[in-house]
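# A closer look at the structure
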Amino acid sequence: MASEGAAARGLGRGFPADRAALVIYLMAGYPDRATSLAALHAAARGGADVIELGVPYGNPLADGPTIAEAATVAREGGFGLGESIALAAEFLAEAGPDAPPVALMTYLNPLMRMGPARAAAAMREAGVAGVIVPDMPPEAARPWLAASGGIDTVFLAAPTSTPERLATVGSASAGFVYCVSTTGVTGERTGLSAELGGLVESVRAHTTLPVAVGFGVSGPEQAAAVAGIADGVVVGSAVVRRQDDPFAVEAFVELLAGAVRSARS
Amino acid sequence: MSDVFLPSAEMAYSSPDAQGFFGPYGGTFVPETVIPALTELDAAFREALDDPDFTGEFGSLLQDYVGRPTPLYRADRLAETVGLGRIYLKREDLNHTGAHKINNTLGQCLLARRMGKKRVIAETGAGQHGVATATAAALMGLECAVFMGTEDIRRQSLNVYKMRLLGAEVVPVAEGSGTLADAVTGALRHWVERVGDTFYVLGSAVGPHPYPVMVREFQKVIGEETLVQLQGRAERVPDAVIACVGGGSNAIGMFYPFLRDLPAGKRPLLVGAEAAGLGVETDRHGAALTKGLPGVLHGFYSYLLQDEAGNPLEAYSISAGLDYPGVGPEHSYLKDEGLVRYEAVTDAEALAAFAMLTETEGIIPAIESSHALALLPRLAPELGADGVVVVNVSGRGDKDMDIVREAGLGGE
């Protein structure tokens, strides 16, 4: 993998030209290492286009109870950023060249504690395509960006972002732009905001990258609805809730993939 | 009046920068959702400071509602007991609601009202900031919700009851150790959800920019009054000024005017007392400056108690106001620059100081403030029998009766 070029390893290749991408979030090390590895393979088989691998952290400010509790279990099993990168490496090596690209979703402090240079080197070595750091806005990203050559850094756009902020986020991002569907933390919600379409359009106006929508997508119907609006659909808590059973993950991802593929983009 | 009290332009202390950095510390490390709200808050804060209507109303409230200026009391029996020349106690415990916290909550709630927000939230540890926020909210007719760890709700039931009486909703946070850090997380999460109509009244000199500088601005009255009061007594610049440090709002409120107004060679020794809990050699303490490493928590970069993987550690202290794994970013800067000395004080030392002040002066201090008082006997040999020291008594001890009784003070 280390011999492949950055473009081949980038997150962008997970976004098909003709439809929305399905981005599946899993928590590294939850409920244990072996099961989370099996869940990664299950998500890939089920039709995930991009995998977002959550790094367990002790103060997950942007996450709701499902992901926060999974993180606690994973941390009790000894999982942190280093273990998560190693897990990604093992998955990518086993899954081969057709594996969906993997983005690590980590909070900033584990990245700083390991050191940007050391973390970036380990990620490159593992074949990790990108990172999403919810508490690292573009203005605070310089130390990481200076070290992270070859790794896409995805920044987040929110419903509260001003046009100036969207321009900053859009131009700083690589791979895709992560559009947060609603104010609040991650977690399943029953409905989608009526303003989502407008929000996605505003984000699109400030970037040439694909725009993926996450936070609150709980099932196939919502996934299809989002796929009709955006370039990618992120499903997290609803997958993590099933993560202790890789078969259930595969079946659920298949449902989501079918829904996303049936939607007009 | 002594010349050395006069401000000295060339020695100006100018932190933070426009992005909220004190040297490398501080900044804004939060989810995008709240960034626009912080930008708006920063602009509104700066505008308010330039508006005489705002500063005038704030000043009137501090005087007529809080009861400022608080006395600077010369505690002679205490000085004799610890072997110092003169000890002055800055009596923040005499403020309305019993601690320095009210200075900041009135400032922030005035700002919330000015920004058109109808609802405020706050975190609280000991409950002092929660009560102070609920009080300011009641005064200004704002809806109020206070996030509080479940362990602190147990330790500080009286303050919980007070907040409810004042019309605030107390939202329990069961996560983690159920203490101050978890309450901050709970409040920040909620703010991300309700950022449109809600103002977050942060209680200490922590959090993303502009909170550390805003809290300092609303607390600097402590040190400003102290400087004036010392001059009014024809006292010299003290040898030392001591305050306790959890997040560090009472300490920065006391220290900042000394840093700003006095030239480097003429400043007193500024000393911050952080919580050593059962001892800094154990894993049961809250001494971020003594034992932590720089890192990010709750939106800012500062010394932080953290594990190898970068997770924040649970802090511990007998005092619910000091058991925070981080510390205000300005204190990290002041430590690195050698402008303030930080020392760690154990539970036992704080309890002994609590008893000492109570018995020698008839003043029952908060267990937080007792950490600052505990440095008096420690510093006395260094400062000598003529030494002049100011201690900020940041709050009163009524809320701590159960804790000191459990600890065996008073022979019970």
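Because the structure is a prediction, the values reported are computed rather than measured.

### Comments concerning the domain arrangement of chain B
Much of the literature gives interface size as the accessible area that the parts lose upon coming together. Residues and elements named next belong to chain B. Partitioning chain B into structural domains gives domain 1 (22–64 + 101–215) and domain 2 (69–98 + 220–411). Each of domain 1 and domain 2 was reduced to a C-alpha centroid, and the two centroids are 22 Å apart. With 39 residues of domain 1 at the interface, the matching set in domain 2 holds 38 residues. Contact between domain 1 and domain 2 buries roughly 3,000 Å² in total, counting both sides, with carbon and sulfur atoms accounting for 61%. Where domain 1 touches domain 2, the interface holds one salt bridge. If you look at where domain 1 meets domain 2, you find ten residue pairs in polar contact (both at pLDDT 80 or more). Within the residue set of the side of domain 1 that touches domain 2, elements represented by two or more residues are strand 2 (25–26), helix 4 (101–114), helix 5 (128–140), helix 6 (150–155), helix 8 (180–193) and helix 9 (211–219). Considering every element that reaches the side of domain 1 that touches domain 2, the biggest residue donor is helix 8, with five residues.

### A closer look at the sheet that holds strand 7 (residues 177–180) of chain A
Residue and element names in this part refer to chain A. If you walk across this open sheet you meet the nine strands as 5-4-3-2-1-9-8-7-6, and the pairing is parallel. Looking at the sheet topology across the chains shown, the edges are occupied by strand 5 (152–154) and strand 6 (156–157). Across three bridges, strand 3 (residues 102–105) lies against strand 4 (residues 130–132) in parallel orientation. Bridged to Met-105 within strand 4 is Ile-132.

### What about helix 14 (residues 347–361) of chain B?
Residue and element names in this part refer to chain B. For helix 14, spanning 15 residues, the distance from its first C-alpha to its last is 21 Å, which sits close to the expected 21 Å at 1.5 Å a residue. Among the residues of helix 14, Asp-347, Ala-350, Leu-351, Ala-353, Phe-354, Ala-355, Met-356, Leu-357, Thr-360 and Glu-361 are the ones counted as buried. Directly after helix 14, the chain includes Gly-362, whose backbone phi takes a positive value near 70°.

### Some words on the interface of chain A and chain B
Listed by partner, the interface residues are 32 residues for chain A and 28 residues for chain B. Here chain A and chain B share an interface that buries about 2,400 Å² over both sides, 56% of which is from carbon and sulfur atoms. Summed over the three residues of chain A that lose the most area to chain B, namely A:Leu61, A:Asn109 and A:Arg113, the buried surface amounts to 28% of that side. Inspection of the chain A/chain B interface yields two salt bridges.

### Focus: the pattern of salt bridges
Residues and elements named next belong to chain B. Inspection of the entire model under this criterion finds 38 salt bridges over all chains. Salt-bridge contacts for Asp-402 lead to Arg-405; the nearest nitrogen and oxygen are separated by 3.8 Å. Within this pair, Asp-402 and its partner Arg-405 are both found in helix 17 (residues 401–406), separated by three residues, close to a single helical turn. Residue classification places Asp-402 among the partly exposed residues on the basis of a relative accessible area of 42%. Linked by salt bridges that have partners in common, Glu-217, Lys-220, Glu-224, Arg-260 and Asp-261 make up one network.

### Structural notes on the environment of A:Val131
All names here are of chain A. For Val-131, the position within the fold is in strand 4. By relative accessible area, Val-131 is classed as buried at 0%. For Val-131 and Leu-104, which are 27 residues apart along the polypeptide, the C-alpha to C-alpha distance reads 4.7 Å. In this structure Val-131 touches Leu-104, Met-123, Trp-144, Ile-151, Asp-152, Thr-153 and Val-154, once residues within four positions along its chain are discounted.

### So, the pairing of strand 5 (residues 119–124) of chain B
Residue and element names in this part refer to chain B. Burial of strand 5 is extensive: six of the six residues sit out of reach of the surface. Side chains of strand 5 alternate between two faces, with Arg-119, Ile-121 and Glu-123 and Val-120, Ala-122 and Thr-124 buried alike. Note: strand 5 against strand 6 (residues 143–149), six bridges, orientation parallel. Residue pairing across strands places Thr-124 opposite Met-148, the latter belonging to strand 6. Chirality of the crossover, the property in question, places the unit of strand 5, helix 5 and strand 6 among those that are right-handed. Relative to strand 8 (residues 198–200), strand 5 is paired through three bridges, and the arrangement is parallel. Residue pairing in the sheet places Val-120 in a bridge with Phe-199 of strand 8.

### A short note on the packing of helix 10 (residues 220–227) of chain A against helix 12 (residues 246–262) of chain A
All names here are of chain A. For the pair helix 10 and helix 12, interaxial distance at closest approach is 8 Å and the crossing angle is 35°. The way helix 10 lies across helix 12 gives a crossing that is right-handed. Of helix 12, the residues touching helix 10 (which contributes Pro-220, Ala-223, Ala-224 and Ala-227) are Phe-252, Leu-255, Leu-256, Ala-259 and Val-260. The class makeup of the residues in the contact of helix 10 with helix 12 is nine nonpolar, no polar and no charged.

### Some words on the nonpolar core
Membership of the largest hydrophobic core comes to 198 residues, with the highest contact counts inside it found for A:Ile24, A:Met123, A:Val235, B:Leu111 and B:Trp191. Residue contributions to this core reach at least three from each of two domains, namely domain 1 (22–64 + 101–215) and domain 2 (69–98 + 220–411) of chain B. If we skip the residues at most four places from it in the chain, A:Ile24 touches A:Ala43, A:Ala48, A:Val50, A:Ile51, A:Glu52, A:Val235, A:Val239, A:Val253 and A:Leu256. Counting 31 residues, the second-largest nonpolar core is a separate cluster that includes B:Leu84, B:Ala240, B:Cys244 and B:Leu376.

### Some words on the side chain of B:Ser369
Residues and elements named next belong to chain B. For Ser-369, the location among the structural elements is in helix 15 (residues 367–373). Its relative accessible area of 0% is what places Ser-369 among the buried residues. A polar contact of 2.7 Å, which involves the side chain of Ser-369, links it to the side chain of Ser-394.

### Remarks on the sheet that holds strand 9 (residues 240–244) of chain B
Residue and element names in this part refer to chain B. Here we have six strands laid out as an open sheet, ordered 3-4-14-9-10-13, and mixed in their pairing. Every interior strand has two partners, whereas the edge strands, strand 3 (72–74) and strand 13 (341–346), have only one. With direction set aside, neighbouring strand axes in the sheet form an average angle of 25°. Across three bridges, the pairing between strand 3 and strand 4 (residues 86–91) is antiparallel.

### Digging into the confidence of the model for chain A
Per-residue pLDDT for chain A averages 94, and the proportion of residues at 70 or more is 96%. This model gives residues 1–7 of chain A a pLDDT under 50, and the stretch forms seven contacts once residues within four places in sequence are excluded.

Rules used throughout
- Residues numbered from 1 in each chain as written.
- Chains lettered and ligands numbered in written order.
- Predicted model: local features only at pLDDT ≥ 70, side-chain atom pairs only at ≥ 80, totals over all residues.
- Heavy atoms only, no water.
- Domains from an automatic or database assignment.
- Contact = heavy atoms within 4.5 Å.
- Buried area = accessible area lost by both parts, 1.4 Å probe.
- Salt bridge = Lys/Arg side-chain N within 4 Å of Asp/Glu carboxyl O.
- Polar contact = N/O pair within 3.5 Å; in protein donor to acceptor, adjacent residues only side chain to side chain.
- Helix = DSSP H or I, 4+ residues; strand = E, 2+ residues; numbered from the N terminus.
- Pairing = 2+ DSSP bridges.
- Expected span 1.5 Å × (residues − 1).
- Buried < 20%, exposed > 50% of the residue type's maximum accessible area, 1.4 Å probe, protein only.
- Right-handed = clockwise from strand over helix to strand, strands pointing away.
- Axes fitted to C-alpha atoms, helices over the stretch in contact; angles between N-to-C directions.
- Left-handed = near helix turned anticlockwise from the far one by under 90°.
- Nonpolar A, V, L, I, M, F, W, Y, C, P; charged D, E, K, R; others polar.
- Core = buried A, V, L, I, M, F, W, Y, C linked by side-chain atoms within 4.5 Å.
- pLDDT = per-residue confidence, 0-100.

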